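# Descriptive structure summary
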Amino acid sequence: MDRVLSIAPSHAGQRLDQVLAGRLPDFSRGRIQGWIDTGMVELDGRPTKRSARVLGGERVRIRAWLPDLEAHAPEAMDLDVVYEDAHLLAIDKPAGLVVHPAAGNWSGTLLNGLLHHAPALAALPRCGIVHRLDKDTSGLLVVAKTLLAHKSLVDQLRERTVVREYRALAVGELSAGGTVDAPIGRHPVRRTAMAVVGSGKPAVTDYRVLARYAGYTLLAVRLKTGRTHQIRVHMAHIGHPLVGDPVYGRRAVAGNAAPHSFPRQALHAIRLGLVHPQTGTPMAWEVPMAADLASLLTVLEARHDHR
């Protein structure tokens, strides 16, 4: 993108990134800040800072690289589409499906399937993907289909107005619900894992008890922030890791055969609520529990009933 803008006198005293976010509504403020930080934005012919205060009358030139997803091949995939219109696409993602290509997973990802389902998504940042689920977490995920929708969803996520509710089966019997407010950052030793660390980013998770079994608790969990592995890290932090979690969990005690053999973290994104970026209408979707997790709960309920 190569664009030249003039700063109106009415913007005098405002931050440059704030002004550009208003002038370029198809892009998030975070993306614009990234352009400024990497020298893609010049103010009167010179590189500048995101916090620069404008006077009015300046000339801004933006020469920014937009994501090029041509290297990612479209792949036919049986996507479970829960909702779709011209602006949004909501999908019930199965466990085992990687969301975005990365080292070791350059094909067979949700992004590849999205490019086949809606080729126009190739023009959007990350193919319209604004939030992710871990490979082995199942459930609802929303995708933007236009730049306007992308910016709106990114803003809603940043403002914490998107409702993201999960079902999680935790090890141990919790007596009551609560809130975990603990910053999350890269694990100081295991660099592929996350941890609660003082230097981490703010992270808040609400949880409430839905059912108790012998040695396990089914929780309804809501995210207030969206840090990597947030629910898994927070539940492990309070001593109740998720059943089947290979990174943050622990082995189930002998005799609990079904939980011990569960092949993934017992986490399912069951409900998603947001405001439609075009109409402003509140929208919400809910999907059934993933079949493998539902079967595990059936086993635990039967054991509980026969105690």
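Higher on the page you've got the structure.
Presented here is a report on the structure given in the accompanying data block. Keep in mind the model is a prediction, meaning the values are calculated, not measured.

### Some details on the overall build of the protein chain
- A count of helices and strands for the protein chain gives seven helices and 15 strands.
- Taken over the C-alpha atoms alone, the protein chain extends approximately 75 × 45 × 40 Å along its principal axes.
- Evaluated residue by residue, the protein chain yields a buried proportion of 47% over its 307 residues.
- Contacts in the protein chain between residues at least 24 apart in sequence constitute 63% of all its contacts with a sequence separation of at least 6.
- Working note: accessible area of the protein chain is about 14,800 Å², and carbon and sulfur atoms make up 52% of it.
- Each charge sign in the protein chain was given a centre, from 38 positive and 28 negative side chains, and these centres are 7 Å apart.

### Re the nonpolar core
- Formed by 32 residues in total, the largest nonpolar core has its most connected members in Leu-110, Leu-114, Tyr-166 and Ile-231.
- Where this core is concerned, the elements lending two or more residues are strand 6 (88-93), helix 3 (110-117), strand 7 (138-144), strand 8 (163-171), strand 13 (216-223), helix 5 (230-237) and strand 14 (267-275).
- For this core, the element with the most residues is helix 3, which contributes four residues.
- Counting residues in hydrophobic clusters, the runner-up holds 18 residues, among them Val-41, Leu-43, Val-60 and Ala-64.

### Examining helix 4 (residues 147-158)
- Compared with the 16 Å implied by 1.5 Å per residue over 12 residues, the 16 Å span of helix 4 between its first and last C-alpha is a close match.
- Looking only at helix 4, the buried set comprises Ala-149, His-150, Lys-151, Ser-152, Leu-153, Asp-155, Gln-156 and Leu-157.
- As for helix 4, its buried residues are in contact with helix 1 (16-23), strand 6, strand 7, strand 8 and strand 14.
- Of the residues one or two after helix 4, Arg-160 is the one with positive phi, at around 65°.

### So, the packing of aromatic side chains
- Under the criterion given, the structure shown has two aromatic pairs.
- Here Tyr-83 and Trp-285 contribute two aromatic rings whose centre-to-centre distance is 5.4 Å and whose plane-to-plane angle is 40°, an arrangement assigned as tilted. In this pair, Tyr-83 is assigned in strand 5 (residues 81-84) and Trp-285 in strand 15 (residues 282-286), connecting sequence segments 202 residues apart.
- Owing to a relative accessible area of 9%, Trp-285 belongs among the buried residues under this scheme.

Criteria and thresholds
Residues numbered from 1 in each chain as written. Predicted model: local features only at pLDDT ≥ 70, side-chain atom pairs only at ≥ 80, totals over all residues. Heavy atoms only, no water. Helix = DSSP H or I, 4+ residues; strand = E, 2+ residues; numbered from the N terminus. Buried < 20%, exposed > 50% of the residue type's maximum accessible area, 1.4 Å probe, protein only. Contact = heavy atoms within 4.5 Å. Areas by Shrake-Rupley, 256 points an atom, 1.4 Å probe, with all protein chains shown as cover. Lys, Arg positive; Asp, Glu negative; His and termini not counted. Charge placed at Lys NZ, Arg CZ, Asp CG, Glu CD. Core = buried A, V, L, I, M, F, W, Y, C linked by side-chain atoms within 4.5 Å. Expected span 1.5 Å × (residues − 1). Phe/Tyr/Trp six-rings, centres within 6.5 Å; stacked < 30°, edge-to-face > 60°.

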